[in-house]
Amino acid sequence: MAKSDHTPDPRFAELILALRSQGVTDAKVLHAIEKTPRELFTPELFKERAFEDSALPIACGQTISQPFIVGLMSQALQVEKRDRVLEIGTGSGYQTAILSRLARLVYTVERYRTLMKEAEGRFKQLGLTNIITRFGDGGEGWPEQAPFDRIMVTAAAPGEPKALLSQLKPTGILVAPIGRGPVQTLRRYTGDGEGGFKVEDLLDVRFVPLLEGVAKEL
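Remember, it's a predicted structure, so these values are computed and weren't measured experimentally. (Residues numbered from 1 in each chain as written. Predicted model: local features only at pLDDT ≥ 70, side-chain atom pairs only at ≥ 80, totals over all residues. Heavy atoms only, no water.)

Draft legend 1. Quick look at the overall build of the protein. Looking only at helices and strands, the protein features six helices and nine strands. Taking the principal axes of the C-alpha coordinates as reference, the protein spans close to 45 × 40 × 35 Å. Considering the protein as a whole, with its 218 residues, one finds that 52% of them fall into the buried category. When contacts within the protein are restricted to residue pairs at least 6 apart in sequence, long-range pairs at least 24 apart make up 55% of them. Of the roughly 10,200 Å² of accessible surface on the protein, 50% is carried by carbon and sulfur atoms. Taken as two groups, the 28 positive and 28 negative side-chain charges of the protein have centres that lie 3 Å from each other. (Helix = DSSP H or I, 4+ residues; strand = E, 2+ residues; numbered from the N terminus. Buried < 20%, exposed > 50% of the residue type's maximum accessible area, 1.4 Å probe, protein only. Contact = heavy atoms within 4.5 Å. Areas by Shrake-Rupley, 256 points an atom, 1.4 Å probe, with all protein chains shown as cover. Lys, Arg positive; Asp, Glu negative; His and termini not counted. Charge placed at Lys NZ, Arg CZ, Asp CG, Glu CD.)

Rendered as structure tokens:
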């Protein structure tokens, strides 16, 4: 889906080894990470840290997740190449770009117009043509395009994201951080085909909260 492949910075080799050692072993996910220049999504002040396995600040009080979390969530989502994926929280667009290399189409919703526009510019620069953006309330999902094969939420929902689960195909998968405190639980919901879900807790994580509505400024 990309116009041209990115040649990884040599510093990525150490990062990929670190991801493997932490359990991110899906070859498709690792390849997507290798081909996506994280430095492009990182503010100028932090570009030299783009190759670290750590979260970094971006505009609007948000963050770009650490590569381990990006890799783990992408792996947990089990994306197939024909899947339509909904992402809640575009942010810098880094996770979106990773998903775009794994799926047929990625629909991504962002409540900060500034972040959305900047991310769109990065997608264009990378030649990623299978990403559809929307400025809106992520908690509402994207009902007009539902149902989705996969849904990823990159902000912490206070409880079970029922509105988003209702937009998932019967055997689809949703991965989201769940919880109100500073530490949340990364949870995977897998549809059983009959309206129910198998629920798995993967690990403790730290995400910004999923807020209602759209930002009035920024």
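Draft legend 2. Representation of the packing of aromatic side chains within the structure. Going through the model one piece at a time under the given rule, you end up with four aromatic pairs. Three or more aromatic residues joined by ring pairs make a cluster, and in this case those are Tyr107, Trp142 and Phe148. In this structure, Arg111 packs its charged tip against the face of Tyr112, placed 5.1 Å from the ring centre. (Phe/Tyr/Trp six-rings, centres within 6.5 Å; stacked < 30°, edge-to-face > 60°. Lys NZ or Arg CZ within 6 Å of the ring centre and 35° of its normal.)

Draft legend 3. A look at the nonpolar core. By size, the foremost hydrophobic cluster in this structure holds 49 residues, and its most contacted members are Leu19, Phe41 and Leu77. In terms of residue count, helix H3 (residues 67-77) provides more of this core than any other element does, seven residues in total. Excluding its chain neighbours within four sequence positions, the residues that come into contact with Phe41 are Thr36, Ile58, Ile64, Ser92, Gly93, Tyr94, Ala97, Arg122, Phe123 and Leu126. Judged by nonpolar contacts, the second largest core, of 16 residues, contains Phe148, Leu165, Ile178 and Tyr189. (Core = buried A, V, L, I, M, F, W, Y, C linked by side-chain atoms within 4.5 Å.)

Draft legend 4. Examining the packing of helix H1 (residues 12-21) against helix H2 (residues 27-34) more closely. Two numbers describe how H1 lies on H2: the axes approach to 11 Å, and their chain directions differ by 155 degrees. By the angle between their directions, the pair H1 and H2 is classed as roughly antiparallel. In terms of crossing hand, the pair formed by H1 and H2 is right-handed. Listed contacts from H2 to Phe12, Ile16, Leu19 and Arg20 of H1 are Leu30, Ile33 and Glu34. Its residues assigned to classes, the contact of H1 with H2 shows five nonpolar, no polar and two charged. (Axes fitted to C-alpha atoms, helices over the stretch in contact; angles between N-to-C directions. Parallel < 35°, antiparallel > 145°, perpendicular 65-115°, else oblique. Left-handed = near helix turned anticlockwise from the far one by under 90°. Nonpolar A, V, L, I, M, F, W, Y, C, P; charged D, E, K, R; others polar.)

Draft legend 5. Quick peek at the sheet that holds strand S9 (residues 197-205). The seven strands are arranged S5-S4-S3-S6-S7-S8-S9 in an open sheet whose pairing can be described as mixed. Looking along the sheet, the strands with just one partner apiece sit at the ends: strand S5 (131-135) and S9. Geometrically, the sheet is characterised by an average inter-axis angle of 15 degrees between neighbouring strands, direction not taken into account. The pairing of strand S7 (residues 168-178) with strand S8 (residues 184-191) spans six bridges and is classified as antiparallel. Looking at S8, one finds that Pro177 is bridged to Leu186. Lying on the sheet, H3 is in contact with strand S3 (84-88), strand S6 (148-153), S7, S8 and S9; it crosses S7 at an angle near 160 degrees. (Pairing = 2+ DSSP bridges.)

Nothing here speaks to function; it is all geometry.
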